[in-house]
Amino acid sequence: MCGIFAYLNYVTPKTRKEILDLLINGLKRLEYRGYDSAGVAIDSPDAKDMMLVRKTGKVKMLEDEITSRTGDLDVDGITSVHCGIAHTRWATHGQPSEYNSHPQRSDDSHAFVVVHNGIITNYKEIRTFLQNKQTTTFESETDTEVIAKLIHHFYKQHPNYSFRELVEQVVQQLEGAFALCFKSIHFPGECVATRRGSPLLVGIKTKTRLATDHIPILYGKDDTIKDKKESDANPQEHRPHGRGEIPVLPRSDSTSEFQPLEDKEIEYFFASDASAVIEHTDRVIYFEDDDVAAVKDGTLSIHRLRRSMDDPHAREITILKMELQQLMKGNYDYFMQKEIFEQPESVFNTMRGRMNFENQTVTLGGIHDYIPEIKRCRRLMLIGCGTSYHSAVATRQLLEELTELPVMVELASDFLDRTTPVFRDDVCFFISQSGETADTLMALRYCKQRGALIVGITNTVGSSICRESHCGVHINAGPEIGVASTKAYTSQFISLVMFALVMSEDRLSLRPRRKEIIEGLQRLDGQIKQVLKLDEEVQTLAKDLYQQRSLLIMGRGYNFATCLEGALKVKELTYMHSEGIMAGELKHGPLALIDNSMPVLMIIMKDDPVYVKCINALQQVTARDGRPILICQEGDTETSSFASKVLEVPRTVDCLQGILTVIPMQLLSFHIAVLRGCNVDCPRNLAKSVTVE
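Remember, it's a predicted structure, so these values are computed and weren't measured experimentally. (Residues numbered from 1 in each chain as written. Predicted model: local features only at pLDDT ≥ 70, side-chain atom pairs only at ≥ 80, totals over all residues. Heavy atoms only, no water.)

### Brief notes about the pairing of strand 3 (residues 37-43)
Counting buried positions over the seven residues of strand 3 gives seven, a clear majority of the element. Where strand 3 meets strand 4 (residues 50-56), seven bridges bridge the pair, whose relative direction is antiparallel. Residue pairing across strands places Asp-43 opposite Met-50, the latter belonging to strand 4. Hairpin connection, strand 3 to strand 4: the antiparallel pair is bridged by six residues, and Ala-47 has positive phi, about 65°. Of the strand pairs in this sheet, strand 3 and strand 6 (residues 82-89) are connected by five bridges, and their pairing is antiparallel. Looking at the pairing, Ser-37 lines up with Arg-89 of strand 6. (Buried < 20%, exposed > 50% of the residue type's maximum accessible area, 1.4 Å probe, protein only. Helix = DSSP H or I, 4+ residues; strand = E, 2+ residues; numbered from the N terminus. Pairing = 2+ DSSP bridges.)

Below you can see the structure in the form of structure tokens.
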């Protein structure tokens with residue numbers, strides 16, 4: 001949801017065209033996050049004003065608009081110090097339009113402009129406050145515009161404040177989730193960024209090495225640990241309420257610096273995601289909630305609004321491991337198609353260095369020290385949203401079998417709505433591809449406050465869930481650009497299977513079962529390659545289904561999660577109604593839908609413990625003139641005799657069948673979407689990283 005990209009060059013000569021190209025390419029790297037409009041803000045050619053270019057639709061339309069205005073923008077002019085900000089907007093307040101697009105401005109003179117990812121929940125109160133204080137005219141319907149106007153209000157009250165200090169005053173008044181990046185004509189060549197609940201990082205590019213790999217955290221001079229203890233004893237709300245002037249923070253002048261050792265040339269890239277900066281630099285700093293990062297005279301400083309007891313003293317530079325090639329489509333037409341076909345490699349990478357197939361052991365370094373505590377827990381809770389939730393459903397049965405612990409699987413949003421009881425001896429797993437999913441992150445904080453052990457399962461190093469968990473497993477699936485998750489699902493699945501194997505390593509009675517599963521994992525990448533050879537058969541099947549209005553997907557046992565995930569993929573990509581149904585529930589309502597015109601896809605595996613029950617459901621469908629499409633094991637002629645069409649997958653151990661059966665569903669949804677003319681990589685109304693509740 002929403003993408004922020006800002007570029008600041010200091011003593012680094014660039015043409016204005018180069019700066020615009022950098023901003024546009026940064027936005028293109030963030031397109032996968034989902035958006036409906038885009039915009040950029042750069043200095044005017046005389047550096048006395050600012051130029052905003054905003055456009056609804058794709059980044060390409062913004063690029064075309066910029067091309068058509070090359071004369072006004074003076075693209076050949078050279079500047080050695082400049083800050084430009086850019087944004088892709090996913091509409092939350094106000095429909096997609098140019099005046100609702102970001103950057104949002106404070107006034108006609110562009111005194112301050114801001115880009116924002118998130119939702120400000122108290123924007124109406126701030127709007128009312130500003131309208132009462134002055135004759136403020138609001139141009140847009142967005143919650144973001146109040147931020148630009150509020151900082152302008154503070155500037156008029158305190159014209160001697162630094163840019164960073166003004167932003168600190170603004171952030172104190174905001175409630176909700178946000179990542180913000182500011183630019184101002186009053187502070188040329190400066191940029192200030194902050195976050196709370198939404199992701200934000202800065203990439204750093206220099207010709208020489210930096211003075212340090214750690215940036216010290218700075219606080220207001222009146223803020224001490226003593227103050228912290230006193231405030232704990234007398235808790236106050238985060239945002240002051242009441243009439244009168246809004247209080248401001250004490251100001252401090254800091255001499256701490258972070259800059260190159262020799263040459264002063266430096267470039268900063270602020271972004272919502274590392275994928276936008278990797279082509280420029282591999283050195284990034286991930287910001288924490290309430291960090292305020294300011295670049296002035298080429299020097300980056302990080303300040304915090306308040307000190308807490310567990311604050312680290314510095315932010316460390318992280319070296320990115322991803323490569324630009326991973327963010328390209330290669331020989332594929334779509335990112336999703338590429339990611340489906342990358343699964344033999346992604347599942348192998350998930351197991352690399354963790355599975356020792358020779359001596360049949362599993363090592364998960366990220367949670368190794370916590371295993372004794374996990375074994376003593378009362379219950380396991382697996383919490384996620386969407387596809388991540390389905391990976392938990394897929395592995396719940398195996399976790400119950402190998403850990404002999406109660407396992408709860410929860411949708412994060414519902415978990416919070418119910419204020420579910422959580423205890424100190426619970427272990428809570430939070431599963432998220434991006435590590436920034438708002439509902440999952442809120443559920444994590446809810447459980448952490450209640451003393452539970454927090455385990456993160458994510459695909460993004462440095463994400464909020466990674467940083468806020470006690471321990472965790474990085475699934476190593478590689479960057480996933482397509483909005484509909486594919487390879488992350490199978491890697492989450494395998495990560496949870498490996499956890500179950502770790503938990504049962506000292507159980508003699510489970511040794512044969514563990515051996516069977518480990519041998520199945522060893523064969524898995526080769527079997528996935530075999531399943532991917534069904535692509536042409538699936539494409540043919542898609543041609544029969546793409547004009548249908550609905551698709552029912554049925555299974556039970558280990559394959560029920562595949563039904564849920566398959567139905568979600570069909571809904572996400574094709575905009576066709578689809579429903580994943582537990583086959584055991586067929587007689588309790590869904591059977592009424594069955595006739596010769598209703599497409600039904602069933603997943604039935606010969607070696608599954610519930611095979612006989614699945615056959616009963618299959619016969620009930622055929623008895624009502626249903627014409628089921630089957631996914632079954634290779635060579636299972638008995639089951640396939642009931643089907644109108646069949647997709648055969650290799651045989652594997654029952655608890656791993658869901659990995660092989662979900663891939664035909666991924667391919668099917670992909671091909672139906674292509675045939676229906678849908679946007680495969682960025683389905684309508686959806687975002688890759690859901691950073692608002």
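### What to know about the nonpolar core
Within the largest apolar cluster, 92 residues are counted, with the highest numbers of intra-cluster contacts made by Phe-499, Leu-521 and Leu-668. The biggest single contributor to this core is helix 15 (residues 487-503), with 12 residues. Setting aside residues no more than four positions away along its own chain, Leu-521 makes contact with Met-351, Met-355, Phe-357, Ile-494, Val-497, Leu-501 and Leu-656. The next biggest cluster of nonpolar side chains, apart from the first, holds 32 residues, and it includes Met-50, Cys-181, Ile-215 and Tyr-219. (Core = buried A, V, L, I, M, F, W, Y, C linked by side-chain atoms within 4.5 Å. Contact = heavy atoms within 4.5 Å.)

### As for the pattern of salt bridges
Taken as a whole and assessed by the stated rule, the structure comprises 37 salt bridges. The shortest N-O distance in the salt bridge between Glu-145 and Lys-149 comes to 2.9 Å. Of the two residues, Glu-145 and Lys-149 both sit in helix 5 (residues 145-157), four residues apart, roughly one turn of that helix. Of the charged contacts in the structure, one is a salt bridge between Glu-638 and Lys-606, with a shortest N-O distance of 2.7 Å. Of this pair, Glu-638 sits in helix 20 (residues 637-640) while Lys-606 sits in the loop between strand 28 (600-603) and helix 19 (611-623); the two residues are 32 residues apart in sequence, bridging distant segments of the chain. (Salt bridge = Lys/Arg side-chain N within 4 Å of Asp/Glu carboxyl O.)

### Digging into helix 16 (residues 511-532)
For an α-helix the count is 3.6 residues per turn, leaving residues at separations of three or four pointing the same way. In this model, helix 16 (22 residues) spans 32 Å end to end at C-alpha, consistent with the 32 Å of a helix rising 1.5 Å per residue. When the local axis directions of helix 16 are compared, the greatest deviation, roughly 50°, occurs at Leu-524. Listed as buried for helix 16 are Arg-513, Arg-514, Ile-517, Ile-518, Gly-520, Leu-521, Leu-524, Gln-527, Ile-528, Val-531 and Leu-532. (Expected span 1.5 Å × (residues − 1). Bend = angle between axes of the 7 residues up to and from the residue.)

### Let's talk about the sheet that holds strand 25 (residues 471-474)
Spatial strand order, 22-21-23-24-25: five strands in an open sheet with parallel pairing. Unpaired on one side and paired on the other, strand 22 (407-411) and strand 25 mark the two borders of the sheet. Each neighbouring strand pair of the sheet contributes to a mean axis angle of 20°, computed without reference to strand direction. With five bridges joining them, strand 21 (residues 379-384) and strand 22 adopt parallel strand pairing. Its bridge partner being in strand 22, Leu-380 is matched across the sheet by Val-407. (Axes fitted to C-alpha atoms, helices over the stretch in contact; angles between N-to-C directions.)

### A few points about the pairing of strand 28
The side-chain alternation of strand 28 yields two buried faces, one formed by Val-600 and Met-602 and the other by Leu-601 and Ile-603. Examined bridge by bridge, strand 26 (residues 550-555) and strand 28 share three bridges and lie parallel to one another. Among the inter-strand pairings, Leu-552 is bridged to a residue of strand 28, identified as Val-600. Handedness of the crossover joining strand 28 and strand 29 (residues 629-633) through helix 19 is recorded here as right-handed. (Right-handed = clockwise from strand over helix to strand, strands pointing away.)

Everything listed here is a matter of coordinates, which is why it stays silent on function.
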